[in-house]
Amino acid sequence: MIPTGLFLGVVLLTGATVKDYGIAWDEPPYFHAADLHITWILDWGTNIEEGNFKQSLSDQNIKAAWRWNPYHVPHPPFSRIVSGLTKYVSSGWLDKSSGYRIAPVLFFAILVTVMFLWMRALFCVATGLFSAFALVAIPNIFGFAHIAVTDLPLASMWFLTVFCFWKGLQDWKWSLACGLLWGLGLATKFPAILIPIPLILWAHLFYRNRYANNVFSMIFLGPLIMIATQPYLWHQSGLRVLEFLYEGLSRGYRADANFPIYFFDQLYFTHQLPWYYPFFLVGVTTPEPLVVLAAFSLVSLLWVRESTSTVALFALNAFFILGLGLLPGAVLHDGVRQMLPALPFLVATAGAGFYILGEWLFSLCRSTRLQDVANLRVKLMGVLGLLILFSPVLDLYLCHPFQLSFYNRFVGGVRGAYQRGLELTYSMEAFTPEFVEAINAKLPQNSVINASFANFMFDYYRREGHLRADITISDAESADYYILLNRRSVLGPRERLLMNGSTPIYLAEQLAGVPLVAVFELNTQRQ
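Description of the structure in this document. (Residues numbered from 1 in each chain as written. Predicted model: local features only at pLDDT ≥ 70, side-chain atom pairs only at ≥ 80, totals over all residues. Heavy atoms only, no water.)

## A look at the environment of Gln266
- Positionally, Gln266 belongs in strand E2 (residues 266–268).
- In this structure Gln266 comes out as partly exposed when scored by relative accessible area, which is 46%.
- Considering only alpha carbons, one finds Gln266 and Gly421, 155 residues apart in sequence, at a separation of 7.7 Å. (Helix = DSSP H or I, 4+ residues; strand = E, 2+ residues; numbered from the N terminus. Buried < 20%, exposed > 50% of the residue type's maximum accessible area, 1.4 Å probe, protein only.)

## A closer look at the sheet that holds strand E4 (residues 472–473)
- The five strands are arranged E4-E3-E5-E7-E6 in an open sheet whose pairing can be described as mixed. Edge strands, defined here as strands with exactly one partner in the open sheet, are E4 and strand E6 (507–511).
- When E6 meets strand E7 (residues 514–521), the two strands line up antiparallel, connected through five bridges. Among the inter-strand pairings, Leu511 is bridged to a residue of E7, identified as Val514.
- Of the strands in this sheet, strand E5 (481–485) and E7 are in contact with helix H22 (residues 493–500), which crosses E5 at around 90°. (Pairing = 2+ DSSP bridges. Contact = heavy atoms within 4.5 Å. Axes fitted to C-alpha atoms, helices over the stretch in contact; angles between N-to-C directions.)

## Digging into empty space enclosed by the protein
- Under the definition given, this model contains two cavities of 30 Å³ or more.
- Taken as a whole, the largest cavity spans an internal volume of roughly 180 Å³.
- Every residue lining the largest cavity is counted, 21 residues in all, and those nearest its centre are Asp334, Gly335, Tyr407, Glu423 and Tyr426.
- Looking at the lining of the largest cavity, the elements with two or more residues in it are strand E1 (261–263) and helix H14 (277–285). (1 Å grid on protein atoms, 1.4 Å probe; cavity = no way out; pocket = protein on both sides within 12 Å on 5 of 7 lines; lining within 4 Å. Points joined across faces, edges and corners; volume = space filled by probe spheres on them.)

## Describing the packing of helix H17 (residues 342–365) against helix H18 (residues 376–398)
- Where H17 meets H18, the axes come as close as 10 Å, and the angle between the chain directions of the two elements is 130°. Classified by the angle their axes make, H17 and H18 are oblique. With respect to the hand of their crossing, H17 and H18 are arranged in right-handed fashion. Residues Phe354, Tyr355, Leu357, Gly358, Glu359, Leu361, Phe362 and Cys365 of H17 lie in contact with H18, whose contacting residues are Leu376, Arg377, Leu380, Met381, Leu384, Gly385 and Ile388. (Parallel < 35°, antiparallel > 145°, perpendicular 65-115°, else oblique. Left-handed = near helix turned anticlockwise from the far one by under 90°.)

## Structural notes on the nonpolar core
- Core analysis: the largest hydrophobic core is formed by 161 residues, its most contacted members being Phe431, Phe458 and Ile483.
- The biggest single contributor to this core is helix H5 (residues 96–122), with 13 residues.
- Apart from residues no more than four positions distant in its own chain, Ile483 is found in contact with Phe431, Phe435, Ile439, Ile449, Asn450, Ala451, Ser452, Phe458, Val517, Ala518 and Val519. (Core = buried A, V, L, I, M, F, W, Y, C linked by side-chain atoms within 4.5 Å.)

Given below as structure tokens:
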């Protein structure tokens with residue numbers, strides 16, 4: 001009952017808040033690509049019924065549906081297929097964007113449920129519940145669970161593949177599941193190709209004679225699943241698999257896929273960042289009690305032997321994912337987004353620390369008068385979990401729906417991070433429906449707005465009927481209102497002057513007193 005309750009609870013919580021977030025800058029093309037995928041699938045079904053199934057399989061039709069815009073939709077299609085399916089199924093009772101976003105909601109719910117199952121199997125029910133709730137309380141994980149892009153699905157597929165690999169050490173059926181899930185991971189995003197590296201390294205250290213079935217399944221089943229779920233690879237398969245590898249490996253070397261990063265008031269490209277950047281960023285954007293608990297867990301391995309090998313598996317995957325940012329060709333723009341798969345493993349490591357701390361406190365209490373308390377261990381673990389999770393859950397609530405802008409107290413919270421020169425917002429989800437409605441309500445008729453590098457997003461809002469039709473979107477400096485996303489890595493001199501100068505802000509979205517989005521009235525003579 002607990003796994004089912006967790007799954008449904010996460011679906012309800014995330015689904016109920018999915019409309020609170022603005023559309024992220026990658027989502028409009030992903031939405032359209034998802035529609036193309038589902039249309040092709042439905043047409044193929046119709047053609048099969050009519051005895052004309054080869055029509056859908058022509059390379060021209062496949063490229064139109066599965067290779068529509070490789071610059072704006074560069075990643076494999078699995079997460080978009082799921083988004084297209086959820087939108088198709090929910091059509092009529094959910095709005096358009098929410099329909100697509102149910103897909104990451106489902107990935108998130110599965111991830112949380114598997115976290116509970118794994119930690120319960122390793123330790124106890126209390127540790128499983130703590131780890132599941134801790135995962136929900138990670139602001140960046142929770143935020144990306146509302147955005148229909150590839151990042152949360154990749155994090156889920158990475159964790160699920162590792163879970164099945166662990167289970168496959170005992171049962172060959174789980175080895176098959178491992179190969180299947182790795183194939184789906186490969187059909188989600190390029191970094192999944194690296195999943196076997198930490199797994200084989202770990203297994204060779206701890207279970208040298210028991211991981212052959214896993215590797216066999218990953219080598220022979222994984223690529224088949226990757227190709228089967230990507231019709232684009234059905235023609236010229238060898239060449240297009242090489243194309244997939246080239247595009248993934250070359251992103252860090254291409255100007256069109258390598259964006260500046262704002263770090264301590266300096267602009268960097270990924271190859272210029274200090275080596276500690278990925279570790280630092282995860283450390284300051286994850287609730288500090290969980291960071292401390294994960295560190296405590298790693299130190300505890302020196303004297304605690306229970307489930308040592310599996311905790312090492314968690315830590316190895318977390319460090320491996322963060323270490324990828326140090327490799328040539330890596331890309332680390334967009335905050336913690338590229339490192340999202342590390343966070344479930346950090347939570348699992350913290351969960352092990354929670355169990356160790358709880359057992360230590362229980363052993364202390366047994367030597368006091370508390371030993372007579374009924375169900376002492378359960379009550380102690382419950383109180384300990386509440387104390388540790390109180391701050392993360394409160395922070396999650398207070399920064400909603402701006403979880404992607406969260407910073408912890410190690411850098412002084414959101415305000416301290418901003419003052420220290422760290423990037424606060426980037427994905428445009430800060431253009432919330434509430435903010436767009438405020439623009440509709442406050443701007444005069446026939447206003448001209450300039451949203452700088454975000455003009456395309458307001459074009460999308462207007463096409464979808466969210467922005468008033470009389471509002472004109474223009475690149476001209478003579479616009480009546482200037483709408484500025486406070487993404488400091490791309491602000492020009494004029495925009496920095498607006499954001500930091502004395503020009504009064506007409507309208508703003510703020511978090512902890514820091515403007516994430518600001519509207520400036522430039523034509524003060526307008527009535």
